[in-house]
Each structure stands twice: as C-alpha cells, then as structure tokens.
Amino acid sequence: MDDEIKELVAEIFNIEEEDVIPALSQDTLDNWDSLNHLKLVTAVEQEFNISLTMDEIDDITNVEKLVAVINTHKS
Amino acid sequence: MEKAQKQSIKKAASWDELVAILCALENADFSAREIELIARNVERLRDGSDLKVALLANHTIDLLPGYLSALHALDNVKVESYVAPYNQYFQEFLTDSSGLLAFDADVIYLDLSIPSLSPKINHQFLQLDTEQKNQELDRVVDTLQQLASLSKQKTNATLLVSNFVQPSYAKAGIADFQLGMGEVEWYARLNLKLIELFRDDARTFIVDKNNVLSRHGKLASTSVKMYYIAKMELNESALSELSLELIRYFKAIKGLTKKCLVLDLDNTLWGGVVGEDGVAGLKIGKGYPEGEVFYDLQSFYQTLKQRGIILAIASKNNSEDAEEVFREKTDMPLSLDDFAVQKISWDTKNKSIEAIASILNIGKDSIVFVDDNPVERNLVLNALPDVAVPDLPTDPTGYLPTLLKKDYFEKLFLTEEDAGKLEQYQQNALRDASKNDIADIDDFLGNLGTTLTVLTADKKNLPRAHQLFTKTNQFNATTQRYSTGQVEQFIEEQQWDLTLFAVADNYGDMGIVGLVLLEVRKTEVRIDSFILSCRAMGRGIETAIMNVMKKRYLLEGGKNKMSARYIKTKKNIPVATFFESQGFSVDIAVKGDGEGYALSATEVDLLKCPEMEIIFGSEFGDE
C-alpha cells in the first residue's frame, strides 16, 4: 500500500500506521463513523487532488476499496 | 507541512510547546488533514479551556470545531466545542437535559441556512407571490428572534447569529430585479431585518456570513457533492474562512483586542526616507499612485484611532525632520497630534516600544508594531515576543490588504456607551419576552404542524426501506442490515408487518424517515427493527410511531404481548432507554441478542407526544 495513503488513514482515524491494513473497515474500526468518513473523503480529495463520485464515497467501506478508488483516479 | 513538523506536533509534550510549534510554522494556511492533526493534539494537550463554543445548525457543521480549535491555538486560546444534534436548535434550548444546556457555553454560534429553514424560498421562489415571500421572511425572522430570546433565558452565553447567504444565481436569472420581490431583494431585506432586530441587543451579534463567503468566493465555498452526501454546506476552505471570522468575535469577547498601534515613519507612513529624500521628495497625498497608497494607509490608521486604538510612533529619525514632514505635508490624513506617544530618536525600536508601553501603562501583548523593514521587525519579534508584528510584503500596495485581514483590533462595541447596553439589556431581559416567544418544548413541537403518514411497505418504497435498514446507525434498536431480497420477503410474507413512516411539517417534507418491522405471531408480536432517521429525531416522532403500533396490535388487534430487543452498538445510544421510556419492562424471556423487553396488553398506555396529525395510507398528501 502507498505510504501516503497509510499515513493519511492513520492520521484521520488516529491509529498507528502499521495498523492500516486493507481489511480495516467501517465494521472493524469504531472510529470509522460517518463524521470521520467525511473527514477521510475530504482529506483524500484534497491530498490526491481527485474528485470522488457519490457512489465511490458510499462504496469506500474498507481500506482496500479506498486504495482501489484512489488508484482508479490517479491512473 | 513537512513530515518533521507533523511529528513535532504529535510529540509536543505541553500546550505551550504546541503553541510555539504552531506559531513557528511559516504558512498557517492548513489543509483539512493538517487541521485534523492539530485539532487532535489541541484536544490532547489543552487540559481545560479558555472558551467554550456551542454550535447549532440546520446543516452539517461538525467539522467546524477542528478549525476553531486549531486556528485559535495560534492565538494561545484553548477552544472547547459542542456541536448540537443536526437540526435540533430549538430542542436544545427547550430540553432541560440537552447537551447544549449542560455544556454551559461562553459563546453559541447559530448558523441556519435557508434551504432547510424555508424550502419554499429554496425551491418554489417563482411560484410565490410577494405576500407569501414576505410571510416566509417574517417567519425566518421570528424563528431567529425566538431563538435569541431562548438563548438569553436559558444560557449565559453570547449568541452569534449568522446572516443569510444570497444564492450565487437567482432563480429568475437576470430578470430577478423585475420581479415583485426578487431573490436578491428577499435576502437583502431579510439580512436588513436581522440588523434591525439585533442592533440594540447586547447579547446577540450578527456574523456576516454572506460577506465572509463573498470574500472567499461563494462557488469556491461549497462542495456540492458533500452537500448532497452529508448536508455539508461549507467545504474545508470555507470552514477555515468562517472560523477566522468567528475568531474575531472570540477575541473581542475574551478581551484579546490590541490597544495600541506603533508605527514606523519612513516607508511605512509615507513613501521615501525623509533624511535622504527631503520633505519634498516624500510620496504621500492624493493625485499620484505612490502618494495614494500611503494616503490610504494613513486613512486606515486614522480609522483605527476612531475605533479607539491608540496610535504611537517608533521611528529612527531626527525628530525635527519628522516634525517638519507633519508641518509641511498638509495632504496627509494624520497629524502629529493623532499619536499619543512619539518616540522619534536613534534608539532601537524595541527600546522605543518598551518606553511607549510604560508611558501608556499597557502590556506589551496589547501592542501591534508595523514597520516596512524586515530587519526591524525581526529585532522586535525577538526582543519582545509579546508584541504582534505583522509580516508585510515588500510592495507597499500589499500593506493595507495585509493589515485589513488581521484581527488585532476587533471589538464588539466601539464606544463605552454601546457596551453599557449590556447592563441595560440585562435589566430588561425578563420583561422583554415577546408574544412570539416559545414557552416550552411541547409548545414548539406542537406548532410545527407535523404530519406523520403511516405506510405499508410495498415494491415502490422498498429501496427507501432498504436504505433505512442499511444506513441508519443511531436510532436503530437492533441494527439488522437486511438485503433487498430479505426486505422483499418482509413485504410478501404474511407473518411480517413492515410499516414505514413519512414526516412533513410547516417547513417541508422529509419523506420516509422511519420504519418498524414486526413479526406477527398468534398471540403476540415481536418488534424486529425500530428505525428512525437522525433527521427526524428529537421531536417525539418515535413515541407517535410506537403509539400507532401499540394501538394496531395491543389495543385493537387482540394480541396480548409486544416484545422487543435492544442490541447495543457504538452508535445507537439514542435508543438505549427507548423501550423502557415507552412503558416496556425488561424481560429475560425474550430470545435473541441484546436486552429483551416486553409490554403486555393489560399494561399498555398511549404516551403523550407532541401534537401531530396522523394519516394512514397515501404517501402523498394533498399535493
């Protein structure tokens, strides 16, 4: 996983970078509530200079999907 | 921000250390992520607070606290925030146990926007006649008046009320000005009424949000997508801009206003150096570009003097030369008399400033020092760290825009007399309750004109039902995430009763916001899911829904028991005591996860809830 994504996710959810694994999801992480989801999306869009669609934002339920969405936009 | 800087913020061991790190950052234009990082460390280190700010809004404002605490930390102020539940601004004042009242705020910021305050204006502007537009306007003004009045009765806080943002494009296009009352006029009138309403009110102040966003750029202030996803009207850059505006008020409220402006002379008050260019060679006065730059600067300093700021001079010059300039140059807004203290000598600037502070008997933290020369600025910054020294660009045309942005000199009132209104107001406060005032929460909720429409789930509304099952976290008793297929089963199979609830009121139509899923057995019914969208929370809807179900099964349906479960999650605290509050008792015989509850037909009681009209059947009312 991209170090930049790892760092960003760790920062938003206030967890250690090594705990950022693809399986980390809204269900397993208490901190991943709707407000932090909003913060995550805002930060991702700003940091990678991309614009996610509403469906994508809805679909980002775990880190694996987040990485995939970012990669689609970057390529 | 560099990674090392982020690390140092994370590692800061004390509040003072954090503030020092933040103040040393060259660029205070933080990204959303940096704000989040700073805000979290402010929380970690602040230990108490200097200012408690409560935020009430009818749109998502939950990201604002991070900006306030991060940006005000640069002023060494510890902000603690409370965000009231979405759209519950009346309830928060009217419910004794509300988070707002328990928080005991110093400042309450009320930010209501038209889209949800007046859906008619937002969506049907061109269908309304002038009278209807005026009615809507009066209703909005009444709402704010009621809230301001409640704020005084129920809290000791200073209330900040945002005014209303005129949309970027009028619905009638350029023909807006030809309408009986166009949108531009409607918003202007509304904002004017607010000014009139709060002008003589020493506890309520208007925040010119319309202007803040104009300054920033209205189109650049919104992320349309975030509005639709999360009802977030302001994007991160707008939140930052709004925070800086609010901090102006906070500074005024906390008395952090600077008292004295110390000015250099050469190239600060006029263009050129008097000792080298002579009086005739100086650039000041009207009629030519360089002269006007400094004319406008002087005019700005003079305005500050009229605002009650003391002016002083700290200049390295021969005092006779400087005096000659003021004598000879008559086309200058400022005269020597405007300066309370004049330190014109060859002393160092820090020495002059210290002398000024001692003559005026003010703290060095009340002083702002303006000098075009970066060497002098740095000298003062290092020798007197409490003095505020704005960084000026090299080009003098940039001085005034730089200084205008600063929040050094903000006051709530310009004169003592104005400030005296506060006391006057407090004496009148109790007498002042107008007939429009809201007596209590039932009064408020009863006057909303709420209608609750009870619908049987069918193919048409299945997608919405499915959405409620999967998306609702807070008011969700069991958090069962059913698939579309399962929801279809509930609709088709006899033993299930899936009932949906739509809510509308005078303000607008919320659509389907709640559902109850029951399993109907021979002698009893079991509540499998009880869900209410957070948009509809806090107004007694849940009790009304429960009454409908009690009536349907226990009072009229012949069942003798209704059972339910509460499965606790991190997010569904709002429903933790729900069943007990509805007359259910804990019942260990109820099978399944979580806590079991039951209510028998012999004990059933329809609970009192705010007045609302209950309609059975059609999803669409009169329209």
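Look up a bit, the structure's there.
Small disclaimer: the values here were computed from a predicted structure and weren't measured.

Undergrad: Summarise the interface of chain B and chain A; cite the residues concerned and give the values.
TA: Contact residues are listed per partner, giving 21 residues for chain B and 26 residues for chain A. With both chains or domains summed, chain B and chain A bury close to 2,100 Å², and 56% of this area falls on carbon and sulfur atoms. Considering only the side of chain B, the residues that lose the most area to chain A are Arg33, Arg40 and Lys225 of chain B, jointly responsible for 32% of the buried surface there. Our count for the contact surface shared by chain B and chain A stands at ten salt bridges. One salt bridge connects Asp58 of chain A with Lys471 of chain B, and the closest N-O pair in it is separated by 3.0 Å. The tally of links from chain B across to chain A stands at 13 residue pairs in polar contact (both at pLDDT 80 or more). Elements with a contribution of two residues or more to the side of chain B that touches chain A: helix H1 (3–11), helix H3 (32–45) and helix H12 (224–230) of chain B. Counted by class, the side of chain B that touches chain A contains eight nonpolar, two polar and eleven charged residues.

Undergrad: Go over the sheet that holds strand S4 (residues 158–162) of chain B with me, naming the residues and quoting the values.
TA: Across a sheet, paired strands are connected by hydrogen bonds in the backbone, their directions being either parallel or antiparallel. Residues and elements named next belong to chain B. With respect to topology, five strands assemble into an open sheet ordered S2-S1-S3-S4-S5, the strand pairing being parallel. Two strands lie at the open edges of the sheet, namely strand S2 (79–83) and strand S5 (204–207), each paired on one side alone. Across the sheet, the mean angle separating the axes of adjacent strands is 25 degrees when strand polarity is ignored. As paired strands, strand S1 (residues 51–57) and S2 are joined by five bridges and run parallel to one another. Counted as the bridge partner of Lys52 is Glu80 from S2. Helix H13 (residues 236–253) contacts S1, strand S3 (107–111), S4 and S5 of the sheet and is inclined by roughly 150 degrees relative to S5.

Undergrad: Quick one: what's the story with the environment of Ser14 of chain B, residue by residue and with numbers?
TA: Residues and elements named next belong to chain B. Along the chain, the position of Ser14 falls in the loop between H1 and helix H2 (15–24). Using a relative accessible area of 31% as the deciding quantity, one classes Ser14 as partly exposed. Spatially, the C-alpha atom of Ser14 lies 25 Å from that of Gly363, the residues being 349 residues apart in sequence.

Undergrad: Now, about the packing of aromatic side chains: what can you tell me, with residues and values included?
TA: Residue and element names in this part refer to chain B. What the rule picks out here adds up to 21 aromatic pairs over all chains. A ring pair is formed by Phe326 and Phe339, whose centres lie 6.0 Å apart and whose planes are at 70 degrees; its orientation type is edge-to-face. Placement of Phe326 in helix H16 (residues 319–328) and of Phe339 in strand S8 (residues 339–345) is noted, with a sequence separation of 13 residues between them. Among the residues examined, Phe326 registers a relative accessible area of 11% and is labelled buried. A network of ring pairs unites the aromatic residues Phe475, Phe530, Phe578, Phe579, Phe584 and Tyr597 as a single cluster. The residue whose ring lies beneath Lys52 is Phe103, and the NZ or CZ to ring-centre distance is 4.9 Å. Above the face of the Tyr227 ring, Lys231 is positioned so that its terminal group lies 4.9 Å from the ring centre.

Undergrad: If you had to explain a nonpolar patch on the surface to someone new, which residues and values would you point to?
TA: A contiguous nonpolar patch, built from Met54 of chain A together with Val224, Tyr228 and Ile229 of chain B and spanning about 390 Å² of accessible area, is present on the exposed surface. With three residues, the single largest contributor to the nonpolar patch is H12 of chain B. Mapping Met54 of chain A onto the fold places it in helix H3 (residues 54–59). Looking at Met54 of chain A, the relative accessible area reads 41%, which means it is partly exposed.

Parameters at a glance
- Residues numbered from 1 in each chain as written.
- Chains lettered and ligands numbered in written order.
- Predicted model: local features only at pLDDT ≥ 70, side-chain atom pairs only at ≥ 80, totals over all residues.
- Heavy atoms only, no water.
- Contact = heavy atoms within 4.5 Å.
- Buried area = accessible area lost by both parts, 1.4 Å probe.
- Salt bridge = Lys/Arg side-chain N within 4 Å of Asp/Glu carboxyl O.
- Polar contact = N/O pair within 3.5 Å; in protein donor to acceptor, adjacent residues only side chain to side chain.
- Helix = DSSP H or I, 4+ residues; strand = E, 2+ residues; numbered from the N terminus.
- Nonpolar A, V, L, I, M, F, W, Y, C, P; charged D, E, K, R; others polar.
- Pairing = 2+ DSSP bridges.
- Axes fitted to C-alpha atoms, helices over the stretch in contact; angles between N-to-C directions.
- Buried < 20%, exposed > 50% of the residue type's maximum accessible area, 1.4 Å probe, protein only.
- Phe/Tyr/Trp six-rings, centres within 6.5 Å; stacked < 30°, edge-to-face > 60°.
- Lys NZ or Arg CZ within 6 Å of the ring centre and 35° of its normal.
- Patch = residues over 30% accessible without salt bridge, like charges linked within 9 Å, V, L, I, M, F, W, Y side chains within 5 Å.
- Areas by Shrake-Rupley, 256 points an atom, 1.4 Å probe, with all protein chains shown as cover.

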